[in-house]
Amino acid sequence: MRTLDKKLLRDFKRLWPQALAISLVLACGVATLILSIGTYRSLDETRRAYYERHQFASIFATASRAPQSLMREIGLISGVAGAQGRIVEPVLLDITGMIEPASGLVVSLPDHDTLRLNKLYLRSGRLPTPGKSGEAVVSDRFSKAHGFRVGSTFAGILQGRQVKFQITGVAMSPEFIYALGPGDLVPDYRRFGVIWMRQQQVAGLTKLDGAFNSVSLTLLPGTSQPAVIAALDRLLAPYGGTAAYGRKDQMSNAFLDSELKQLQAMAGVIPPIFMFVSAFLINMIMSRLVALEREQIGLLKALGYSQLAVSAHYVKLVLVISLTGVVIGFAAGTWLGDGLTRLYSEFFNFPFFIFQRSLDVYLLAAGIGIAAALLGGLKSALSAASLPPATAMRPAAPTLYRKSSAFGQWLASTMSQLTVMAFRHLVRWPLRSGFTMLGTSLAVALLVTAMFSFGSINFMIDTVYFRTDRQDATISFSTPLAPTAVHAVKKLPGVLSVEPYRVMMVQMSHGSHSRRVAITGKPQNMRLSRLLDIELAPISLPSSGLVLSERLAMHLGAQRGDVISMKLLEEGWHEVKVPVVDIIRSYFGLGAYMDIAALDRLSRIGPRRSGVYVELDANRHKEIYAAIKAMPKAASIALQTQSLKKFRETIEQNITIMTTVYIVLAVIIAFGVVYNSARIQLSERARELASLRVLGFTRNEVSRVLIIELAIILLVAQPVGWILGYGFSWAVVRGFQSDLFRIPFVVQNSAYGWSSIVVIIASVLSAFIVISRVRQLDIIRVLKTKE
Amino acid sequence: MSIRQNKKVAVFTVEDLTKTYHTGEVDVYALRGVSTKLYQGELSVVLGPSGSGKSTFMNIIGGLDTATSGRVMFKDLDLSGASETELTNFRRRHVGFVFQFYNLIPSLTARENVALVTEISTNPMRPEDALALVGLEKRMNHFPAQMSGGEQQRVAIARAIAKNPEVLLCDEPTGSLDSKTGRLVLEALTRINDELGTTTAIISHNAVIHKLAHRTLYFADGEIVREQVSDKRLTPSQLEW
Ligand SMILES: Nc1ncnc2c1ncn2[C@@H]1O[C@H](COP(=O)(O)OP(=O)(O)O)[C@@H](O)[C@H]1O
Ligand SMILES: [Mg+2]
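Computed from a predicted model, the values in this text were never measured in an experiment.

Parameters and conventions
Residues numbered from 1 in each chain as written. Chains lettered and ligands numbered in written order. Predicted model: local features only at pLDDT ≥ 70, side-chain atom pairs only at ≥ 80, totals over all residues. Heavy atoms only, no water. Helix = DSSP H or I, 4+ residues; strand = E, 2+ residues; numbered from the N terminus. Buried < 20%, exposed > 50% of the residue type's maximum accessible area, 1.4 Å probe, protein only. Contact = heavy atoms within 4.5 Å. Areas by Shrake-Rupley, 256 points an atom, 1.4 Å probe, with all protein chains shown as cover. Lys, Arg positive; Asp, Glu negative; His and termini not counted. Charge placed at Lys NZ, Arg CZ, Asp CG, Glu CD. Phe/Tyr/Trp six-rings, centres within 6.5 Å; stacked < 30°, edge-to-face > 60°. Lys NZ or Arg CZ within 6 Å of the ring centre and 35° of its normal. Axes fitted to C-alpha atoms, helices over the stretch in contact; angles between N-to-C directions. Parallel < 35°, antiparallel > 145°, perpendicular 65-115°, else oblique. Left-handed = near helix turned anticlockwise from the far one by under 90°. Nonpolar A, V, L, I, M, F, W, Y, C, P; charged D, E, K, R; others polar. Domains from an automatic or database assignment. Buried area = accessible area lost by both parts, 1.4 Å probe. Pairing = 2+ DSSP bridges. Salt bridge = Lys/Arg side-chain N within 4 Å of Asp/Glu carboxyl O. Polar contact = N/O pair within 3.5 Å; in protein donor to acceptor, adjacent residues only side chain to side chain. Patch = residues over 30% accessible without salt bridge, like charges linked within 9 Å, V, L, I, M, F, W, Y side chains within 5 Å. Core = buried A, V, L, I, M, F, W, Y, C linked by side-chain atoms within 4.5 Å. Expected span 1.5 Å × (residues − 1).

Along chain A, the regular secondary structure elements total 21 helices and 22 strands. By residue count, 58% of the 787 residues in chain A fall in the buried class. At a minimum sequence separation of 6, the contacts of chain A that also span at least 24 residues come to 83%. Taken as a whole, chain A presents about 32600 Å² of accessible surface, with 61% of it coming from carbon and sulfur. When the 83 basic and 52 acidic side-chain charges of chain A are each reduced to a single mean position, those positions are 8 Å apart.

A word on the packing of aromatic side chains. All names here are of chain A. Under the definition given, this model contains 29 aromatic pairs over all chains. Each ring, one from F452 and one from F745, has its centre 6.1 Å from the other, and the planes form 70°; the classification is edge-to-face. In this pair, F452 is assigned in helix α13 (residues 430–468) and F745 in the loop between α19 (699–736) and α20 (749–775), connecting sequence segments 293 residues apart. Given the relative accessible area of 25%, F745 is considered partly exposed. By way of ring pairs, the aromatic residues Y50, Y178, F255, Y344, F347, F348, F350, F352 and F353 are connected into one cluster. If you follow R432 out to its NZ or CZ, it ends over the ring of W429, 5.0 Å from the centre.

On to the packing of helix α6 (residues 251–292) of chain A against α13 of chain A. Residue and element names in this part refer to chain A. Following both chains from N to C, one finds α6 and α13 inclined at 150°, their axes separated by 11 Å at the closest point. Relative to α13, the element α6 lies roughly antiparallel. In this structure, α6 crosses over α13, and the sense of that crossing is left-handed. Residue-level contacts link I273, F274, F276, V277, F280 and M284 of α6 to R432, F435, T436, L438, G439, L442 and L446 of α13. A per-class count over the contact of α6 with α13 returns ten nonpolar, two polar and one charged.

What follows deals with the domain arrangement of chain A. All names here are of chain A. One can read the domain layout of chain A as domain 1 (1–55 + 246–398), domain 2 (56–245), domain 3 (406–470 + 641–787) and domain 4 (495–616). Computed from C-alpha atoms alone, the centre-to-centre distance between domain 1 and domain 2 is 48 Å. Facing 21 residues of domain 1, the contacting portion of domain 2 comprises 26 residues. When the two sides are added together, the surface that domain 1 and domain 2 hide from each other amounts to roughly 2100 Å², 59% of it contributed by carbon and sulfur. It is H54, Q55 and N349 that lose the most area in domain 1 upon contact with domain 2, and together they represent 30% of the buried surface on that side. Those elements giving two or more residues to the side of domain 1 that touches domain 2 turn out to be α1 (3–53), α6 and α8 (307–347). Its residues placed into classes, the side of domain 1 that touches domain 2 shows nine nonpolar, eight polar and four charged.

Below, the discussion takes up the sheet that holds strand β11 (residues 242–246) of chain A. All names here are of chain A. Spatially, four strands are ordered β2-β10-β1-β11 in an open sheet, and the strand pairing comes out antiparallel. This sheet does not close on itself; its edge strands, each paired only once, are β2 (80–86) and β11. If you compare each strand with its neighbour and ignore which way they point, the axes differ by 25° on average. Summarising the sheet, β2 and strand β10 (residues 211–219) pair through six bridges and their orientation is antiparallel. Bridge pairing in β10 places G85 opposite V215. Lying over the sheet, helix α5 (residues 225–236) contacts β1 (59–67), β2, β10 and β11, oriented at roughly 10° with respect to β1.

With that settled, consider the interface of chain B and chain A. In many reports, interface size means the accessible area that the parts give up when they come together. At the junction of the two partners, chain B supplies 26 residues and chain A supplies 23 residues. Between chain B and chain A the total buried area reaches about 2200 Å² when both faces are included, carbon and sulfur atoms providing 60% of it. Along the contact surface separating chain B from chain A lie three salt bridges. For E119 of chain B, the salt bridge is made with R2 of chain A, and the minimal N-O distance between the two is 3.8 Å. The tally of links between chain B and chain A comes to six residue pairs in polar contact (both at pLDDT 80 or more). The set of elements that each furnish at least two residues to the side of chain B that touches chain A consists of α3 (84–94) and α4 (110–118) of chain B. Ranked by residues supplied to the side of chain B that touches chain A, first place goes to α4 of chain B with five residues. Split into classes, the residues belonging to the side of chain B that touches chain A amount to twelve nonpolar, five polar and nine charged.

Below, the discussion takes up a nonpolar patch on the surface. Together, W754, I757, I761 and L765 of chain A make up an exposed nonpolar region whose accessible area comes to about 430 Å². On the accessibility criterion, I757 of chain A (40% relative accessible area) is partly exposed.

Looking now at the nonpolar core. A general tendency of soluble globular proteins is for nonpolar side chains to be buried together. Grouped together as the largest cluster of nonpolar side chains are 99 residues, with contacts concentrated most on Y314 of chain A together with F12 and F57 of chain B. A per-element tally of this core places α6 of chain A first, with 13 residues. When residues are assigned to domains, this core turns out to be shared by domain 1 (1–55 + 246–398) and domain 3 (406–470 + 641–787) of chain A, each giving three or more. Setting aside its immediate chain neighbours within four residues, F12 of chain B contacts T36, K37, L38, I61, V72, M73, F74, L79, F90 and V167 of chain B.

Turning to the pattern of salt bridges, a few remarks are in order. Residues and elements named next belong to chain A. Applying the stated criterion to the full structure yields 45 salt bridges over all chains. For the salt bridge of R190 with E100, the shortest nitrogen-to-oxygen distance reads 2.7 Å. Taken as a pair, R190 in the loop between β8 (161–172) and β9 (192–198) and E100 in the loop between β3 (88–94) and β4 (102–109) lie far apart in primary sequence, 90 residues in all. Its relative accessible area of 31% is what places R190 among the partly exposed residues. Among the charged side chains, a network of salt bridges with common partners joins K7, D11, R14 and E293.

Counted at 1.5 Å a residue, the expected span for helix α6 (residues 149–161) of chain B with its 13 residues is 18 Å, and the 18 Å between its end C-alpha atoms agrees. Of all the 13 residues making up α6 of chain B, twelve are buried; the element is thus mostly covered by neighbouring parts of the structure. The set of residues buried in α6 of chain B consists of G150, E151, Q152, Q153, R154, V155, A156, I157, A158, R159, A160 and I161 of chain B. Contacts from the buried residues of α6 of chain B go to α7 (294–302) of chain A together with β6 (95–98), α4, α5 (127–133), β7 (167–171) and α7 (179–196) of chain B.

Before going further, it helps to examine the environment of S380 of chain A. All names here are of chain A. Among the secondary structure elements, S380 is positioned in helix α9 (residues 359–386). Overall, S380 belongs to the buried group, its relative accessible area being 4%. Separated by 277 residues in the primary sequence, S380 and S103 place their C-alpha atoms 66 Å from one another. Excluding anything up to four places from it in sequence, S380 contacts N283, M286, S287 and V290.

Before going further, it helps to examine the packing of α13 of chain A against α19 of chain A. Residues and elements named next belong to chain A. Two numbers describe how α13 lies on α19: the axes approach to 6 Å, and their chain directions differ by 45°. Taken as axis vectors, α13 and α19 run oblique relative to one another. The interaxial crossing formed by α13 with α19 has right-handed handedness. Taken together, the residues that form the contact of α13 with α19 break down as 18 nonpolar, nine polar and no charged.

Attention shifts here to the sheet that holds strand β5 (residues 77–78) of chain B. Residue and element names in this part refer to chain B. Taken together, four strands build an open sheet; the order of strands is β2-β1-β4-β5 and the sheet is antiparallel. Since the sheet does not close on itself, it has two edges, and those belong to β2 (26–39) and β5, each with one partner. As paired elements, strand β1 (residues 10–23) and strand β4 (residues 69–74) share five bridges and run antiparallel to each other. Residue pairing for β4: T13 is matched across the bridge by M73. Strands β1, β2 and β4 of the sheet are contacted by helix α2 (residues 54–61), whose axis makes an angle of about 120° with β1.

Below you can see the structure in the form of structure tokens.
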């Protein structure tokens, strides 16, 4: 080994705690980069492969009843590669051992043909035999949740008929990677399952012989999706076709999209923070090292080492630090990636998972990490190279402290000399003090960003479950019924009150904007399921006109008073014009509302009810559930308490994991910044502090000089961190926003408080490690060595 | 030694050298027109009060610094207009330095400090041999902090001579040593001058040392005020410190 490299190694050994602190910060950057990009790629690639192998459709549409013969025409639409018509129908399930009813979706399989689109991945068993009544394949998770196996049976009510399902196989489908039951915010596989049966069976049960009510298409490459959608809409319109939509509006796909978007957002925000902080830390210790080794640098040059050799020497040290970080980051990133992937496989149903552990992600992360480090060390390495040898070997001139302003002098006169020393040092290097403060505040900001979600989610739960949807259950009818059906529900045992609703699929247009949405008709004075205005105060519906959710209004570019044109999709696309009378707050979907009577007046079919919100007697659940399970017209049921419970469980698990990760990240930053800055302060001021000891100051008094400076930095860092954290959180909320859901932006004071507490504790501990060195300060030695 | 003097090959030819430092408001005239020659194989001693320009002079002829005006020739090589790279190469090939504060790399052992130089030289001695020349073969694996000042300075000398330089430039090599250790260091230097014939210049503000020299340059106020050639030299042990 070259002698200069031996020096390097020994320098590293001496500096290792500082170097390691920086390596760790850098490792966080590398790990989060690998985590976000690697997981993004894995998820994206898995989905792509799954879609491709299983022929996931690109366009979806529903109708009320379209003749099979129409499929031929649909297949002839220019650009269509494959088309599959089928029957899809909600079903209420009565599963032994479950008091409450569950919900299912029956999906038909061709009788003799195999599926050409949205192909199943059969995990076990076989497909149902055509003609065998009740035979069905069920979704994997649902089957697992109930401990079903091939041969198990369960009961259901499909359009008023009792059905006995017999499981012949367990499957997965690219359509249901993420499967939400009615009214649920997170998947609950116990209460929601997909059931595939032969066409003939389903047609018999739904009275749709020779017809279909759902169609999926795949397109030839290069086909314009809107053109096909328009053609499909035209063909289906006479048969109650509700506008066709692409993958972006397909529920399961949209959830995956939103997850991918979050990973992307994470890759753009978190790794750069760590890269920036490590660059700064490297800059800090390298400039100190070059200052300390001034004379050695001069000597090396006197001996004939070139500028290049000298700067290379320091660059190598930066490389050692950054490579250590990269290696740790690789390990941590891989480990975290595994964890996140496991979490994903809990959430999403993939038959396989493709790990994109591709070399280039690692190379990219390593490259960015090393580049950040080099950037931080470059200035020092260059300044070492350009130090003229003759000057380098003369001792450096004492640091010039500037005379303070009149105010500064007055301020100084009010403080003890030790405090003045601390202040002067602080303002002498404003850039370094500023960056140290900024680094610490980034730790605070990171924590605020992690912790604000507690507040936001609680706020969302409160708004959704306790202020908006206050019903105990939502029962939806298998087909729209006459208003008298509501009274039948009211008479069920244990039902305290009911509130009807009507859902109509419409195509809303305003200017050049157009959206397919469900419009919900509700009674003017809602008691159970309410609407809240922008200030979250309950509103009552105006007797006519539309109430739009914020996000829908945004998509349509509509404001209060604008007139929206609506095509009623289930009524032959008959068009009406309605003014927007109010805009409300909503965290899910793209809601549109109207007084139910007004909606009835718009409809050419007349008054209909899609379902009811019900208030239940908590002591009579058993009776109520039994009655609902027996209710002929119920297609599905959403249970608020169950849904909330599942939501809480899921969110809590996720938030706990996330918060733990963020706390570790923040502690690493705080430690890296504070420890290094304290070490450097101590190194710069060792002589000064030893002199103080010689003059008779106690160890505590001397430590105070260091503590005061660190304390000021730490204190200023808190509010700055809060502001940054507020900004980051806002960015996260923006990143989460999708048509499916939004998170309210609520940062509770406790988020700021806890973030500061964690960072302050971490900082105080890091500083303490250094300050304990003041006690070991060898006065004689410090004074003897030349600075 | 008379043979050497007869040959009189000039290693350094310095003509009208000036050096001005611009520090803040005042200009410091460190050298105000110095002309002299240093001859091959000679041991020169540079004397003069503190601040008289001795170090500046030596730094310039050693290629550590550049002059404001004037000319420095190392044999046929003009150092006055040399680039940083040329100066680096000049130092690397031809010059060994010894400084008052030893300037050893604290994180390297005695042997490694010497190896630091031999690694980048074309025709070096073995570090062990260089250390043996200064009587430190037994302390090879000690770190600077484990050695006395005199020992450290002898490591510095070993380091300076290990590459078999043509010239050895020593800036107050005994400046921070007591007389007994100073003598040991001077013995090492004279021995190298005698045995290897290395052209040597030693800065000192201790006038006695001139008794070791072939030639003595007296600096005052940035000028050479006197130059003295002696043919009666003493050995370090004969010096009255
Ligand atoms: N880098 C420098 N910057 C400013 N002044 C310097 C510098 N180096 C030397 N000087 C000044 O030049 C003069 C000569 O210094 P120097 O050659 O070191 O003297 P000597 O070695 O004889 O003590 C002194 O006044 C010194 O202060
Ligand atoms: Mg000097």
